[in-house]
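Structure at a glance
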Amino acid sequence: MKEETERAETLRPDPKLLELLVCPLTKTPLVYDREANELVSRAAKLAFPIRHGIPIMLVSEARELG
């Protein structure tokens, strides 16, 4: 269990990187949802996944928010 927790922590995105990223559609700031491991664009109503610590900033990979 400890190894799993350590591995998950190493896969978190760099906080400094998150400060630089903006929504590819609206160019507005993104909000990091730690629980869902996503970057949320409130303006575009999209959530961009983070896989293995890397934000996937493709609209085709984003989840629509209701």
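Residues numbered from 1 in each chain as written. Predicted model: local features only at pLDDT ≥ 70, side-chain atom pairs only at ≥ 80, totals over all residues. Heavy atoms only, no water.

Right, let's get into the nonpolar core. Counting nine residues, the largest nonpolar core consists of Leu 18, Leu 21, Cys 23, Leu 30, Leu 39, Leu 46, Phe 48, Ile 50 and Ala 62. No other element matches the three residues that strand β3 (residues 46–51) contributes to this core. What Leu 21 contacts, discounting residues up to four positions off in sequence, is Leu 30, Leu 39, Pro 55 and Met 57. (Core = buried A, V, L, I, M, F, W, Y, C linked by side-chain atoms within 4.5 Å. Buried < 20%, exposed > 50% of the residue type's maximum accessible area, 1.4 Å probe, protein only. Helix = DSSP H or I, 4+ residues; strand = E, 2+ residues; numbered from the N terminus. Contact = heavy atoms within 4.5 Å.)

A word on the pattern of salt bridges. Enumeration over the complete set of coordinates arrives at two salt bridges. The partner of Arg 63 in a salt bridge is Glu 38, with the nearest N and O atoms 2.7 Å apart. Of the two residues, Arg 63 sits in strand β5 (residues 63–64) while Glu 38 sits in strand β2 (residues 38–41), which places them 25 residues apart along the sequence. Take Glu 38: its relative accessible area is 9%, and that puts it in the buried class. When the shortest N-O distance is used, the salt bridge between Glu 61 and Arg 51 registers 2.8 Å. Taken together, the positions of Glu 61 in the loop between β4 (54–55) and β5 and Arg 51 in strand β3 put the pair 10 residues apart, joining distant regions of the chain. The exposure class of Glu 61 is partly exposed, given its relative accessible area of 35%. (Salt bridge = Lys/Arg side-chain N within 4 Å of Asp/Glu carboxyl O.)

Of all six residues making up β3, five are buried, and the element is well covered by its neighbours. When β2 meets β3, the two strands line up antiparallel, connected through four bridges. If you follow Glu 38 over to β3, its bridge partner there is Pro 49. Hairpin remark: β2 followed by β3, antiparallel, with four residues in the connecting loop; positive phi at Lys 45, about 55°. As judged from the two bridges shared by β3 and β5, these two strands associate in the antiparallel manner. Its bridge partner being in β5, Ala 47 is matched across the sheet by Arg 63. When β3 meets β4, the two strands line up antiparallel, connected through two bridges. (Pairing = 2+ DSSP bridges.)

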